Amino acid sequence: MMLARRRFLQRLGHTGLAALTITSGLLPRVVRAADTRPAFAAEAIADALKALGIANPTKSDAIRFKAPDIAENGAAVPVEVESTLPGTREILLLVEKNPHVMSASFSFPDGTDAYVATRVKVAESSLIHAVVKTDAGAFYTDRLVKVTLGGCGG
Amino acid sequence: MSDPMRIRAAVKGEKVEVKILMSHVMETGQRKDAEGAVVPAHYITKVTASCNGRDVLSADWGPSVSKNPYLSFRFKGGAKGDKLKVTWTDTAGDSRSDEVSIG
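Given the structure is predicted, the values throughout are model-derived calculations rather than measurements.

### Quick notes on the overall build of chain B
A count of helices and strands for chain B gives 0 helices and 7 strands. In sequence order, chain B lays out its α and β elements as β-β-β-β-β-β-β. Counting over 103 residues, chain B shows a buried share of 46%. Intrachain contacts of chain B at a sequence separation of at least 6 include 54% that bridge at least 24 residues. Carbon and sulfur atoms form 46% of the exposed surface of chain B, whose accessible area is close to 4,900 Å².

This is the structure in structure tokens:
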């Protein structure tokens, strides 16, 4: 009798453990579902830019970057970028303190203005970088956005 | 199926000004629900726009574009009555296209 009970418990233990292993083995995969695009998986701005083939962009005043100094809601921070640099092909938005820095990239075929306006999430007070890819290399400017309510909740 | 985008495209001088509001959760995969379970990532990764079949914008997005994304841009060479088509694709493989006449 005792033995049977014991065996039963042992078996239960094994299956229980197996179930746990399966679940814990699966969970991180589901949860992490990491973006397969290297730039979007990067945790540092330099790494994200490197993944896009950009090294050491030059700071430029020819990029107009509008973002609020203080954002009450980090879940939706309005940003507007316009480049007057000739041959602008792409505008990238990167949020330095976000878990993954790369937010968005926009590419402009001939005839489309080097301009974009959108809203991004900012997890905590952070520099936001606007990087511009042109025929003559990469340029950037940045703005510090202070967030009173983090953007990861929404 | 997701809700339609709200697209406004209007001729302003020699350019067409486009404003788009998409309906999407833009779930980052970092957030937890009331039970503490992580809400799986689900966000738009690609957006394209074309005017009468000519590409006028393409964008790659990560999870940190805000929920119900807003996007505005401008392009030359569009006229009243031209068709502006916007398409997005997300991490679940879903996609949605909406089209408006430029006003």
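We are not done yet, so read on.
### Focus on the overall build of chain A
Counting its secondary structure elements, chain A contains 3 helices and 9 strands. The helix and strand sequence of chain A, counted from the amino end, reads α-α-α-β-β-β-β-β-β-β-β-β. Per-residue burial for chain A yields a buried fraction of 40% across its 154 residues. For chain A, long-range pairs separated by at least 24 residues make up 65% of all intrachain contacts whose partners lie at least 6 apart in sequence. Of the roughly 8,600 Å² of accessible surface on chain A, 59% is carried by carbon and sulfur atoms.

### What about the environment of R143(A)?
Residue and element names in this part refer to chain A. By the element assignment, R143 lies in strand β9 (residues 137-147). R143 sits 97 residues away from A46 along the chain, and the two C-alpha atoms are 17 Å apart. Excluding anything up to four places from it in sequence, R143 contacts F65, A67, S126, L127 and I128. There is a polar contact of 3.0 Å between the side chain of R143 and the backbone oxygen of F65.

### Here's the deal with the sheet that holds strand β5 (residues 70-76) of chain B
What the 6 strands build is an open sheet, ordered β2(A)-β4(A)-β7(A)-β5(B)-β2(B)-β1(B); its pairing is antiparallel. Where the open sheet ends on each side, the last strands, each with one partner, are β2 (63-66) of chain A together with β1 (6-12) of chain B. When strand polarity is set aside, the average angle formed by the axes of neighbouring strands in this sheet is 15°. Where β2(A) meets strand β4 (residues 77-83) of chain A, 4 bridges bridge the pair, whose relative direction is antiparallel. Paired with K66(A) across the bridge in β4(A) is E80(A).

### Observations regarding the interface of chain A and chain B
Across the contact, 33 residues belong to chain A and 32 residues belong to chain B. A buried area of about 2,600 Å², summed over both sides, lies between chain A and chain B, and 45% of it is on carbon and sulfur atoms. The largest contributions to the chain A side of the interface with chain B come from D113(A), R119(A) and K121(A), which together make up 21% of the buried area. In this structure, the connection of chain A to chain B is made through 3 salt bridges. For the salt bridge of D113(A) with K15(B), the shortest nitrogen-to-oxygen distance reads 3.0 Å. Across the contact surface, chain A and chain B share 20 residue pairs in polar contact (both at pLDDT 80 or more). When residues of the side of chain A that touches chain B are traced back to their parent elements, those giving at least two are β4, β6 (102-107) and β7 (115-120) of chain A. Of the residues in the side of chain A that touches chain B, the class split is 16 nonpolar, 10 polar and 7 charged. Pairing of β7(A) with β5(B), which is carried by 2 bridges, proceeds in the antiparallel orientation. Bridge pairing in β5(B) places A117(A) opposite S72(B).

### Examining the pairing of strand β6 (residues 83-90) of chain B
Residue and element names in this part refer to chain B. Here strand β3 (residues 44-51) runs beside β6; their pairing, made up of 7 bridges, is antiparallel. Looking at β6, one finds that V47 is bridged to W88. Remark: 4 residues form the turn of the hairpin made by β6 and strand β7 (residues 95-101), two consecutive strands paired antiparallel; G93 in that turn has positive phi of roughly 85°.

### Some points on the nonpolar core
The biggest cluster of nonpolar side chains holds 48 residues, and the ones touching the most others in it are W61(B), L71(B) and L84(B). The residues contacting L71(B), other than those within four sequence positions of it, are F106(A), V116(A), A117(A), V18(B), K19(B), I20(B), M22(B), V47(B), L57(B) and W61(B). One finds A42(A), L94(A), M102(A) and Y140(A) within the second-largest nonpolar core, a separate group that totals 14 residues.

Conventions used here
- Residues numbered from 1 in each chain as written.
- Chains lettered and ligands numbered in written order.
- Predicted model: local features only at pLDDT ≥ 70, side-chain atom pairs only at ≥ 80, totals over all residues.
- Heavy atoms only, no water.
- Helix = DSSP H or I, 4+ residues; strand = E, 2+ residues; numbered from the N terminus.
- Buried < 20%, exposed > 50% of the residue type's maximum accessible area, 1.4 Å probe, protein only.
- Contact = heavy atoms within 4.5 Å.
- Areas by Shrake-Rupley, 256 points an atom, 1.4 Å probe, with all protein chains shown as cover.
- Polar contact = N/O pair within 3.5 Å; in protein donor to acceptor, adjacent residues only side chain to side chain.
- Pairing = 2+ DSSP bridges.
- Axes fitted to C-alpha atoms, helices over the stretch in contact; angles between N-to-C directions.
- Buried area = accessible area lost by both parts, 1.4 Å probe.
- Salt bridge = Lys/Arg side-chain N within 4 Å of Asp/Glu carboxyl O.
- Nonpolar A, V, L, I, M, F, W, Y, C, P; charged D, E, K, R; others polar.
- Core = buried A, V, L, I, M, F, W, Y, C linked by side-chain atoms within 4.5 Å.

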